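Working through the structure, step by step
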Amino acid sequence: MMRLTSFSLLFIASVCTAADESTVSFERDVRPLLKAACFHCHGEGGMQESGLDVRLARLMQTGGDSGPAIVPGDSENSLLFQRVRDGEMPPEASHRLTEAQIATIGRWIDAGAPTLRPEPEAIDGFLITEEERSHWSFQPIEQPSLPRVEHADQLRTPIDAFLLAKLEAQGFTFAEDAPSASLLRRVMFDLVGLPPTPEQVERFIGDESAEAYEHLIDELLASPHYGERWGRHWLDIAGYADSEGYNLTDAQRPHAWRYRDYVIRAFNDDKPFDRFVLEQLAGDELITSPFDNLSDEDAELLTATGFLRMAPDGTGGSVDDANVARNDVVAETVKIVTSSLMGLTVGCAQCHDHRYDPIPQADYYRLRAVFDPALDWTNWKAPNQRLVSLYTDADRAKAAEIEAEAKKIDAERTEKQNVFIAATFEKELAKLPEEIQPTARAAHDTPEKERTDEQIALLKEHPSLNITSGSLYLYDQKAADELKALADKAQAIRDTKPEERFVRALTETPGQVPVSHLFARGDHEQPKQELEPAGLSIVSTNVPVPEVPMDDEVLPTTGRRTAFAKRITDPNHPLLARVIVNRIWLHHFGRGLVSTPADFGTLGTPPTHPELLDWLASEFIDSGWSVKHIHRLILTSTAYRQALHADGTLLEADPDNLLYGRANLRRLDAESLRDAVLIVSGKLNDKSYGPAVTVIADRVGRWVLGIENLSAGRPGDVLPLHGEDLRRSVYVEVRRTRPLAVLDTFDWPRMAPNCDVRRTSTVAPQSLMLMNSDFVLDYAGQFARRVEAEAGSDPEARINRAWQLAFCRSPDQSEQASARTFLETQTATFQEVLTPPKENAQPTEPTAEQRALETLCQMLLSSNEFLYID
């Protein structure tokens, strides 16, 4: 249930309260306050405590059991005003109104309790007002004309016109362009998440052609690292995780990585975003090959539905209440879908009508009904039951062929084994007295169940006669190596079988369609009326978009998810295109045009440049939903290329840079920081795709990369990963209860159930990690070894190379001098404390000079210039 905070109420007041008494009205100023604080007890869902309904002004004049709630023109004698003023209502402290909000209600009553229009005779269901319908994000997307500007010479793309017009209205213009090296570093981190090499810096600065920057952008967009960077952004909002979460068991998801790889490939291929959405919501309804013989293309479509399997899911293990756990999976899936694709907090309508947005509880369950056939809580499938094998007929035929070959070796082994056992038996039999040998042989040859008591006793008395395949090695070591070699040979042949791969997917069972209900107060044990699948009413009211049918007769499944995907990707739909271009903008500028990217509703912030947002959304659709097209428009704009600094007047007038009159200083995110350290040290393994690099606990309880190695339940030595630990951070296992320490310290997102926007913190553990962690110390050492190898022994050359690798520039004279002094001082210090190697002995530890260089390299990796993008 959504809890109302004082801040939320204050925000409602700030956007709804009129500036003066003459314009105060019920619909615009008072109703939003009552909806948030009072409707749930006085009107919503037929609930009318004390017989009072506050959803209409005239209903409050009629009143309830205690008489009229308001007396138009007299707030002091109005019961409603008295109760809220005295803190008696709402009864929950968290729902109480602020003084400003109470004053608004008082002014409205004193003004005669006016309404903007005649109220309906009756409320049939959920009432959506004109004010709610007119909210900016529910309006049709229309491409606005470009505004005129005075400084037309500053325009590079249409984006600039919208931003410059607002700047000029305040008496400002764009800042100058950023230096080439700074711009290169900025755009590389933005597009591929990696810093440029010194060679790339030199090449870019030396390219004086007019198209140099545009060629750079094309080169980066074509890089396989682009998908790794931008796929990670999508994985945040999709709630990607390699473990189930839900409880501390946090079981691993060994096949989830295939969805991660699908996302990376989709961004690299610039898959049209409407198709990207369709495949993730309903890829299983698009395939044409049978599930037991999927084509590569259909396997990819099935993999895409992993999007709907990212929510925490504890149903594969022990939970307190299985039905609660099942419904939690459905609820969290709906949250992920609606926050990522619609930019709304639809989940707040699970237990009651949405307190702020025009989303009734019935709409929530109509939307949930879209997914009910695949996520049927009454006929549930645990995670392992939802796995789909990718084995094909060709795989099975190949496996059968290999198995037949292995069985030949098995038969040869069995034949030899029988010979060895028989020979060994004869040897052991010969050791017995001659007179009992015939009896012993007969006992041995008799099937075990048919032996007499005397035969059983005889064999028990002479256990050496009981030779089996398991005990043969005790008698004949040579025979047992030979047999093992044949077994190993058979196994080696079997190991060549095609690997059986699995996809974590969402599918429907044809013909199995549950009835969907509204749950009273969100409780699955209190089902109310039946509901059919549908999208949000507010969208259908405002724009013509396709509806969601109960069942698609063309498909073997219901087709509900396919229809829903086509609905939200319809060009008339007001949300998806706006939401996605806002997210693209966010990742280039550090803040979206709408700063609440997952809340385009009443509580979210309105866009700073609404016309620009709509122009981008329209351009996105017209381009065929090309994400890379939007990149090019943004990255080639003057706005993006600006330097970090602007004149003092602008800084004072616009400290938060809402006018975009300069670049924003941004800290590297967790993955970019780790990857940058790896690449600067020369150790990055740029292998793409494949299973996640696992996270384990080391001996002191830190989460590190490694292979699980438990001894009596406790962590043993960290086993080597043979370079896998040097891969990019997007391939690191996302284990909900095991965040990799170096990433977690720098605000790696926790998926609960997803991450709508990353929050950047500045806290002491970050400095401590940079000073003391094994990760930074180890790679500072690798960085120093690289500098030595590439710059030789000359201190000045070493300092130059270190600066170029870390900062994409050479040091100035002051920095060069300070660094040389530092190296000399540190070398002297280490010489005092380090034990010199014995004469003629090969040194095993770094020298004092090397230690000093390592310390300098650590300082560079810990500096603001390395950690931030300007």
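What counts, and where the lines are drawn
Residues numbered from 1 in each chain as written. Predicted model: local features only at pLDDT ≥ 70, side-chain atom pairs only at ≥ 80, totals over all residues. Heavy atoms only, no water. Helix = DSSP H or I, 4+ residues; strand = E, 2+ residues; numbered from the N terminus. Buried < 20%, exposed > 50% of the residue type's maximum accessible area, 1.4 Å probe, protein only. Contact = heavy atoms within 4.5 Å. Areas by Shrake-Rupley, 256 points an atom, 1.4 Å probe, with all protein chains shown as cover. Lys, Arg positive; Asp, Glu negative; His and termini not counted. Charge placed at Lys NZ, Arg CZ, Asp CG, Glu CD. Core = buried A, V, L, I, M, F, W, Y, C linked by side-chain atoms within 4.5 Å. 1 Å grid on protein atoms, 1.4 Å probe; cavity = no way out; pocket = protein on both sides within 12 Å on 5 of 7 lines; lining within 4 Å. Points joined across faces, edges and corners; volume = space filled by probe spheres on them. Nonpolar A, V, L, I, M, F, W, Y, C, P; charged D, E, K, R; others polar. Salt bridge = Lys/Arg side-chain N within 4 Å of Asp/Glu carboxyl O. Polar contact = N/O pair within 3.5 Å; in protein donor to acceptor, adjacent residues only side chain to side chain. Phe/Tyr/Trp six-rings, centres within 6.5 Å; stacked < 30°, edge-to-face > 60°. Lys NZ or Arg CZ within 6 Å of the ring centre and 35° of its normal. pLDDT = per-residue confidence, 0-100. Axes fitted to C-alpha atoms, helices over the stretch in contact; angles between N-to-C directions. Parallel < 35°, antiparallel > 145°, perpendicular 65-115°, else oblique. Expected span 1.5 Å × (residues − 1). Disulfide = S-S within 2.5 Å. Patch = residues over 30% accessible without salt bridge, like charges linked within 9 Å, V, L, I, M, F, W, Y side chains within 5 Å.

**What to know about the overall build of the protein chain**
When helices and strands are counted, the protein chain shows 35 helices and 10 strands. In the protein chain, buried positions account for 53% of the 870 residues. When contacts within the protein chain are restricted to residue pairs at least 6 apart in sequence, those whose partners lie at least 24 apart make up 69%. Counting every atom, the protein chain has about 39000 Å² of accessible surface; 51% of that belongs to carbon and sulfur. Of the charged side chains in the protein chain, 90 are positive and 137 negative; the average position of the first set lies 3 Å away from that of the second.

**Quick look at the nonpolar core**
Counting 173 residues, the largest nonpolar core has W234, F273 and L281 as its most contacted members. Ranked by size, the runner-up nonpolar core spans 23 residues in total, among them L34, A37, C38 and I105.

**A look at the layout of surface pockets**
The space that makes up the largest pocket amounts to roughly 1200 Å³. Lining the largest pocket are 45 residues, and of these L586, G590, V757, R758 and R759 lie nearest its centre. Breaking the lining of the largest pocket down by element, the ones donating at least two residues are α11 (224–238), α23 (576–589), β5 (666–667) and α28 (670–680). Ranked by the residues each element gives to the lining of the largest pocket, the list is headed by α11, at five residues. Residue composition of the lining of the largest pocket, grouped by class: 15 nonpolar, 13 polar and 17 charged.

**Some remarks on the pattern of salt bridges**
Summed over the entire model, instances satisfying the criterion amount to 63 salt bridges. D372 is the salt-bridge partner of R368, the closest N and O atoms lying 3.5 Å from each other. Comparing R368 with D372 shows no difference in burial state: the two are buried. With a closest N to O distance of 2.6 Å, E671 and R758 form a salt bridge. Of this pair, E671 sits in helix α28 while R758 sits in the loop between α29 (741–745) and α30 (764–772), and the two are 87 residues apart along the sequence. Residue classification places E671 among the buried positions, given a relative accessible area of 5%.

**Here we look at the side chain of S137**
Its location among the elements puts S137 in the loop between α6 (130–133) and α7 (158–169). Judged by its relative accessible area of 0%, S137 falls in the buried class. At a separation of 2.8 Å, a polar atom in the side chain of S137 contacts the main-chain carbonyl oxygen of F600. Here S137 is in contact with P574, L575, R578 and F600, once residues within four sequence places are set aside.

**Looking at the packing of aromatic side chains**
As enumerated under the stated definition, the model contains 22 aromatic pairs in all. Note on Y259 and Y262: the rings are 6.2 Å apart at their centroids and 25° apart in plane angle, and the pair reads as stacked. Separated by three residues within a single helix, Y259 and Y262 lie in helix α12 (residues 257–268), roughly one turn from each other. In terms of burial, Y259 and Y262 fall into one category: buried. Taking the centre distance of 5.2 Å and the plane angle of 70° together, the rings of F620 and W625 count as edge-to-face. A single burial state applies to F620 and to W625, both of which are buried. Taken together, the ring pairs connect W234, Y259, Y262, F267, F273, F276, F307, F620 and W625 into an aromatic cluster. Sitting over the ring of Y640, R186 keeps its end group 5.7 Å from the ring centre.

**Here's the deal with the side chain of S78**
Within the element layout of this structure, S78 appears in the loop between α3 (57–62) and α4 (79–85). Accessibility expressed as a relative area gives 0% for S78, which makes it buried. Residues within four places of S78 in sequence aside, it is in contact with A69, I70, V71 and I109.

**Here we look at empty space enclosed by the protein**
Think of a ball as big as a water molecule: rolled over the atoms, this probe shows where empty space is left. One pass over the structure, following the stated rule, counts six cavities of 30 Å³ or more. Within this model, the largest cavity holds a volume of roughly 120 Å³. Lining the largest cavity are W230, H233, W234, I237, F267, F273, I580, R583, I584, H587 and V627. Those elements giving two or more residues to the lining of the largest cavity turn out to be α11 and α23. Taken together, the residues that form the lining of the largest cavity break down as eight nonpolar, two polar and one charged.

**A word on the environment of F307**
Mapped onto the elements of the fold, F307 is located in the loop between α14 (296–304) and α15 (322–341). Accessibility expressed as a relative area gives 2% for F307, which makes it buried.

**Things to note about the confidence of the model for the protein chain**
Of the residues in the protein chain, 96% have a pLDDT of 70 or more, and the chain-wide mean is 93. Low pLDDT, under 50, characterises residues 1–21; the stretch is placed with 50 contacts to residues that sit more than four places away or in other chains.

**With respect to the packing of α12 against α14**
Following both chains from N to C, one finds α12 and α14 inclined at 105°, their axes separated by 9 Å at the closest point. Put simply, α12 runs roughly perpendicular to α14. Of the residues in α14, those touching α12 at R258, Y259, Y262 and R265 are E300, T303 and A304. When its residues are assigned to classes, the contact of α12 with α14 shows three nonpolar, one polar and three charged.

**Here we look at helix α16 (residues 361–371)**
Along an α-helix, residues three or four positions apart point the same way, because every turn accommodates 3.6 residues. Of all the 11 residues making up α16, 10 are buried; the element is thus mostly covered by neighbouring parts of the structure. Of the positions making up α16, those classed as buried are Q361, A362, D363, Y364, Y365, L367, R368, A369, V370 and F371. Residues of α16 that are buried sit in contact with α13 (273–282), α15, β3 (517–519), α21 (537–542) and α22 (560–568).

**Regarding unusual backbone geometry**
Across the junction of M89 and P90, the peptide omega takes the value -10°, indicating a cis bond. With respect to the helices and strands, the residue P90 is situated in the loop between α4 and α5 (99–110). Of note, the amide linkage connecting A752 to P753 takes the cis form, showing an omega dihedral of -10°. In this fold, P753 is placed in the loop between α29 and α30. One non-glycine residue, A113, lies in the positive phi region at around 50°.

**Quick look at helix α32 (residues 795–807)**
Over its 13 residues, α32 extends 18 Å from the first C-alpha to the last, a length consistent with the 18 Å expected when each residue adds 1.5 Å. Along α32, the residues classified as buried are R798, I799, R801, A802, W803, L805, A806 and F807. Among the structural elements, α9 (198–206), α28, α31 (774–791), α33 (813–833), α34 (848–861) and α35 (864–867) are those in contact with the buried residues of α32. Among the residues trailing α32, C808 stands out with phi positive, at a value near 65°.

**Some details on the environment of A442**
If you trace the backbone, A442 turns up in helix α18 (residues 437–445). Placed 13 residues apart in sequence, A442 and Q455 show a C-alpha to C-alpha distance of 8.3 Å.

**Examining the state of the cysteines**
The tally for this structure, following the rule as stated, stands at zero disulfides. No disulfide involves C755; its sulfur sits 17 Å from the nearest other cysteine sulfur, which is in C348.

**Focus on a nonpolar patch on the surface**
Residues Y473, L474 and Y475 make up a contiguous nonpolar surface patch of roughly 310 Å² in combined accessible area. With respect to the element layout, Y473 can be found in the loop between α19 (453–461) and α20 (477–494). Note on Y473: relative accessible area 42%, which makes it partly exposed.

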